[in-house]
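Below are the chains, spelled out letter by letter.
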Amino acid sequence: MAWQGEVAVPAPRVGDEPELLAAARAGDARAAHRLGKLYAQHGDRAAARLWWERAAAGGNVDSAYNLGIWHEKHGSLEEALTWYEAAAGTGDAEAATNLATLLLEQRGDAVAARAWFETAAAAGSRTAARRLALICEDAGELGTARDWYRRAADDGDVASAHDLGFLAYGSGDDAEAVRRWECAARGGHAESAYCLGLYLHASRDPEGAEAYYRLAARSEHPGAASRLGGVALSRGDLRTARGWFEQAAGAGRAEDQRMAGFVCVELGDPAAASHWFGRAAAGGDAEAAFDYGLLLIAEFGDLVGGEHWFRQAARAGHHGAAVELGGLLSVAGEHGEAKEWLSDPPPAAWDRPAEPELTARAELAAIATGRRGGVPLAAADLAEVLATWDLVTRPLHRHPDVLAWLVARSGVHASAVEHLASVRGTLVRPGSAPWPSPGELQHVLTTARDLRRRLGVR
């Protein structure tokens, strides 16, 4: 069968119908293909299918591809697969990509899909190269995944450049990560611009970080807006900070809703503060519920509302809320419940803010561990690990054996301190060891808190 899809087929023109019809009836496959397009443009799907089938029978690759699309939308999966395979077998990259996609997503045939993606990628399909990269990464074939990501990225796929940057970051190749994120950011990939901002912030380049946060914020990236809110707040620019935090809060981020509430309080706008604290509290944020309770009582004299939100926060383990709730109940004469909260309040959480460089490093690790369906580690927990180590070792930079000093001074078992140091090292120098698992992080958090308690660090 002599396929004719490689020759460009001119689009049908108004008035071509009699000429095309005569040629198509005489067996001209190209004319039949054009006639099918004409009927498709007029909304006559049945006639379009008829003429494409005649053209495909005459060897027209484009008609076989169109029939694949036709059956995918209006017909059967089996017919769509058949026509896509007919076109793909001639080297048509788009047909091979569509065939592979159907085999993977509708049939679950990963082996056959991968083979057709490889055929399509070899024929120059950027989409197929990216799909192969994702398949290989999910299968743990990181070297092959890098090769396919690289091919797609070099062909202009910014999402692949972004993913390639994370593979490089996770393996300790910072230069390659920066190069790929820069490339993706220039191509309009907001998440890459944000990640590059985080990387520069973690590398103690706040001015460079701010530039990339602003680039990401142009695409309404909520994380970038949050970071810019923090930058403005550090400069004492409350109005600008409010704008950025409210932008991030509008995306449903509880921490930014809470921060927007704080800034509104400082600006003397209790109504707006009530709005943002209320949204975060209703979403389950215990700190916001506590702050909302304080605001309701202090600004609006609403003791009932304050008690409600203190109780919500206390039940979620907030120490300050339990104490405030106990005090309110005592005043109201409900001494039994007051005693329960005051005699055994939840332990106080560590609320010492980490340095921006450490929180940026923690967030990068959280994003890295949450890629491709992974379980993201909590950025706040990672930041607490990093901040704890920074705090307890700050006076010991010239000490010959920091680990031995910490063990001797705190009494924490050496293996626990070594594990904490190891995880901290992984976060600061990605690629030096695998990312910690969620269970491992919780164990290390317990060690960090025990270490602070024993050393009297608050």
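Please refer to the structure higher up on the page.
Residues numbered from 1 in each chain as written. Predicted model: local features only at pLDDT ≥ 70, side-chain atom pairs only at ≥ 80, totals over all residues. Heavy atoms only, no water.

Draft legend 1. How the structure looks around the overall build of the protein. What the protein contains, in helices and strands, is 26 helices and zero strands. For a compact globule of 458 residues, the expected C-alpha radius of gyration is about 23 Å, and the protein comes in at 30 Å, more than 25% above that figure. Dimensions of the protein along its principal axes, counting C-alpha atoms only, are 95 × 55 × 40 Å. Each of the 458 residues in the protein was classed as buried or not, and the buried ones make up 46%. Within the protein, counting contacts between residues at least 6 apart in sequence, those at least 24 apart form 50% of the total. As displayed, the protein has an accessible area near 22,000 Å², and 51% of this comes from carbon and sulfur atoms. Side chains of the protein give 47 positive and 62 negative charges; the mean places of these two sets differ by 3 Å. (Helix = DSSP H or I, 4+ residues; strand = E, 2+ residues; numbered from the N terminus. Rg over C-alpha atoms; globule rule 2.2 N^0.38 Å. Buried < 20%, exposed > 50% of the residue type's maximum accessible area, 1.4 Å probe, protein only. Contact = heavy atoms within 4.5 Å. Areas by Shrake-Rupley, 256 points an atom, 1.4 Å probe, with all protein chains shown as cover. Lys, Arg positive; Asp, Glu negative; His and termini not counted. Charge placed at Lys NZ, Arg CZ, Asp CG, Glu CD.)

Draft legend 2. Summary view of the layout of surface pockets. Taken as a whole, the second largest pocket spans an internal volume of roughly 400 Å³. For the lining of the second largest pocket, the secondary structure elements donating two or more residues are helix 8 (126-138), helix 9 (142-154), helix 10 (158-170) and helix 22 (356-370). The biggest single contributor to the lining of the second largest pocket is helix 10, with three residues. Residues that form the lining of the second largest pocket fall into these classes: seven nonpolar, four polar and five charged. (1 Å grid on protein atoms, 1.4 Å probe; cavity = no way out; pocket = protein on both sides within 12 Å on 5 of 7 lines; lining within 4 Å. Points joined across faces, edges and corners; volume = space filled by probe spheres on them. Nonpolar A, V, L, I, M, F, W, Y, C, P; charged D, E, K, R; others polar.)

Draft legend 3. Region of the structure containing helix 9. Compared with an ideal rise of 1.5 Å per residue, which puts 13 residues at 18 Å, helix 9 spans 18 Å between its outermost C-alpha atoms and is within 8% of the ideal. Buried within helix 9 we find Ala 145, Trp 148, Tyr 149, Ala 152 and Ala 153. The buried residues of helix 9 occupy an angular sector of 135° when projected down its axis, which confines them to one face. The secondary structure elements touched by the buried residues of helix 9 are helix 7 (110-122), helix 8, helix 10 and helix 11 (174-186). Of the residues one or two after helix 9, Gly 156 is the one with positive phi, at around 105°. (Expected span 1.5 Å × (residues − 1). Arc of directions from axis to C-beta.)

Draft legend 4. Highlighting unusual backbone geometry. Even without a glycine there, the phi angle at Arg 204 is positive, about 65°. Along the polypeptide, Arg 204 turns up in the loop between helix 12 (190-202) and helix 13 (206-217). For Arg 204, a relative accessible area of 61% puts it in the exposed group.

Draft legend 5. Region of the structure containing the packing of helix 18 (residues 286-300) against helix 19 (residues 303-315). Two numbers describe how helix 18 lies on helix 19: the axes approach to 8 Å, and their chain directions differ by 165°. Our classification of the angle between helix 18 and helix 19 gives roughly antiparallel. The handedness of the crossing between helix 18 and helix 19 is left-handed. For the pair formed by helix 18 and helix 19, the contact residues are Ala 286, Ala 289, Phe 290, Tyr 292, Gly 293, Leu 294, Leu 296 and Ile 297 on the first element and Leu 303, Gly 305, Gly 306, Trp 309, Phe 310 and Ala 313 on the second. Classifying every residue of the contact of helix 18 with helix 19 by side-chain character gives eleven nonpolar, three polar and no charged. (Axes fitted to C-alpha atoms, helices over the stretch in contact; angles between N-to-C directions. Parallel < 35°, antiparallel > 145°, perpendicular 65-115°, else oblique. Left-handed = near helix turned anticlockwise from the far one by under 90°.)

Draft legend 6. Quick peek at the nonpolar core. Residues Tyr 84, Leu 99, Trp 116, Trp 148 and Tyr 149 are the most contacted members of the largest nonpolar core, which totals 37 residues. Elements represented by at least two residues in this core include exactly helix 3 (45-57), helix 4 (61-74), helix 5 (77-88), helix 6 (93-107), helix 7, helix 8, helix 9 and helix 10. Once you skip the residues sitting within four places of it in the chain, Tyr 84 turns out to touch Tyr 65, Gly 68, Ile 69, Glu 72, Ala 95, Asn 98, Leu 99 and Leu 102. Of all hydrophobic cores here, the second largest spans 29 residues; its members include Ala 387, Val 392, Ala 421 and Val 457. (Core = buried A, V, L, I, M, F, W, Y, C linked by side-chain atoms within 4.5 Å.)

Bear in mind that shape data such as this cannot, by itself, settle questions of function.
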